[in-house]
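Residue strings, one per chain:
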Amino acid sequence: MPTLWNRRAALKGLLASTAAVSTAGVASACASDEKNTSASMPLKNNIRQSVCRWCFNDLSVDQLCKEAKAMGIQGIDLVGPADWPTLKKHGLDSPMCNGAEINLTDGFNDPKFHAQLQKQYSEMIPKVAAAGYTNLICFSGSRRGLSDEAGLANCVTGLQPLVKLAEKHKVVLVMELLNSKIDHKDYQCDNTAWGAALAKRLGSEHFKLLYDIYHMQINEGDVIRTINEFHPYIAHYHTAGVPGRHELDEQQELYYPAIMRAILKTGFKGYVAQEFMPQKADKLASLRQAVQLCDV
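To keep things clear, this report deals only with the structure shown in the data block. (Residues numbered from 1 in each chain as written. Predicted model: local features only at pLDDT ≥ 70, side-chain atom pairs only at ≥ 80, totals over all residues. Heavy atoms only, no water.)

**Some remarks on the packing of helix H4 (residues 114-130) against helix H5 (residues 148-169)**
Quick note on the threshold: Angular values range over 0 to 180 degrees, each being the angle between N-to-C directions of two axes fitted as lines to C-alpha atoms, with helices fitted over their stretch in contact. Here a helix means four or more residues in a row that DSSP labels H or I, a strand means two or more in a row labelled E, and each is numbered from the N terminus. Roughly parallel means an angle under 35 degrees; roughly antiparallel, over 145; roughly perpendicular, 65 to 115; everything else is oblique. Helix crossings are classified by the rotation of the near helix relative to the far one: an anticlockwise turn of less than a right angle makes the crossing left-handed, while a clockwise turn makes it right-handed. Between two residues, a contact is recorded if the distance between any of their heavy atoms is within 4.5 Å. Note on residue classes: Ala, Val, Leu, Ile, Met, Phe, Trp, Tyr, Cys and Pro are nonpolar, Asp, Glu, Lys and Arg are charged, and everything else, Gly too, is polar.
In the contact formed by H4 and H5, the axes pass within 10 Å of each other and the chain directions differ by 20°. It follows from the interaxial angle that H4 and H5 lie roughly parallel. The way H4 lies across H5 gives a crossing that is right-handed. From H4, His-114, Leu-117, Gln-118, Tyr-121, Ser-122, Ile-125, Pro-126 and Ala-129 reach across to H5, where they touch Asn-154, Thr-157, Gly-158, Pro-161, Leu-162, Leu-165, Ala-166 and His-169. Tallied by class, residues from the contact of H4 with H5 come to nine nonpolar, seven polar and no charged.

Here you go:
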């Protein structure tokens, strides 16, 4: 029968041996994951992916197009007419066009901006159509003391003539849902139900919502159930890690493969655009990792 000392020594040796094996296994798995992430793996493309231009402003549009196309991304979000020729040169789409808005705070919920917005959108809608694109972003603007009902009524008045023009040109006006808790204080279209109520009142397939997963996780949570309930009103999705709006990695709280599968199950045929601000030194590696993660 072994002594207490021998038992302790044996146990210590066993633990050391187990730790070594475990460490080797973890290191091997991490190396394998890193190799898989960095490799140029073909995408399933069940969901088409895009990337938002502003998140990679340190690259020229031409450089971003080259890098995006190499990793299987099919479009560049949030660019206007000046950059469309560059996208076309690389065979990339412009899934969410911009350039008609005033800014994020002065929007359709305030009648004093209607004349300017209607002029700018009336000029931009035909340009989007002529370029062969579909979606044009718009914003509710800040509340500035408006009730939900007053904001809805004002948005309907401002948007109705533009929706008719959009129908004529086969363009979709897409209002983005933004959080009013952290990033865009006082923004009115800060929950999916309000945006869907606006879409119902306008009653047209040429007005939809941009469901920003990052923003809506902050403001209302319950992401998958909300997508299931309101998907008929959603034309486009944006991603980012929560909290911080950084990489879609183990440091954030959302599990994007499950969210992407939920989107896919709704029959969605549009784009999901990566809109995170990379923290890591190799920003393109972060983008490649996010694209692979969302490719379900």
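**Some thoughts on unusual backbone geometry**
Residue Val-242 is joined to Pro-243 through a cis peptide bond whose omega torsion reads 0°. Within the secondary structure, Pro-243 sits in the loop between strand E6 (234-239) and helix H9 (256-265). Even without a glycine there, the phi angle at Lys-170 is positive, about 60°. Among the structural elements, Lys-170 can be located in the loop between H5 and strand E4 (172-176). Positive phi values are uncommon outside glycine, yet Asp-186 reaches one of about 80°. Assignment of secondary structure puts Asp-186 in the loop between E4 and helix H6 (192-202).

**Concerning the environment of Asp-186**
Our working definition: Here's how the labels work: a residue is buried when its accessible area is under 20% of the maximum for its type, exposed when over 50%, partly exposed in between, all with a 1.4 Å probe on protein chains only.
A relative accessible area of 35% places Asp-186 in the partly exposed class. Distance from Asp-186 to Thr-105, taken between C-alpha atoms, is 8.5 Å for residues 81 residues apart in sequence. For Asp-186, the residues in contact, after removing those within four places along its chain, are Gly-141, Ser-142, Arg-143, Arg-144 and Ser-180.

**So, H5**
Formally: Expected span of a helix, by definition, is 1.5 Å for each gap between consecutive residues, and there is one gap fewer than residues. To get the bend at a residue, fit one axis to the 7 residues ending there and another to the 7 starting there, then take the angle between the axes.
The terminal C-alpha atoms of H5 lie 30 Å apart, and with 22 residues this matches the ideal 32 Å at 1.5 Å per residue to within 8%. Of all the bends in H5, the greatest, near 40°, is centred on Leu-159, and the proline Pro-161 appears no more than four residues after it. When H5 is considered as a whole, its buried residues turn out to be Gly-151, Leu-152, Asn-154, Cys-155, Val-156, Gly-158, Leu-159, Leu-162, Val-163 and Ala-166. Elements in contact with the buried residues of H5: H4, strand E3 (135-138), E4, H6 and strand E5 (207-212). Remark: Lys-170 follows H5 within two positions and exhibits a positive phi of approximately 60°.

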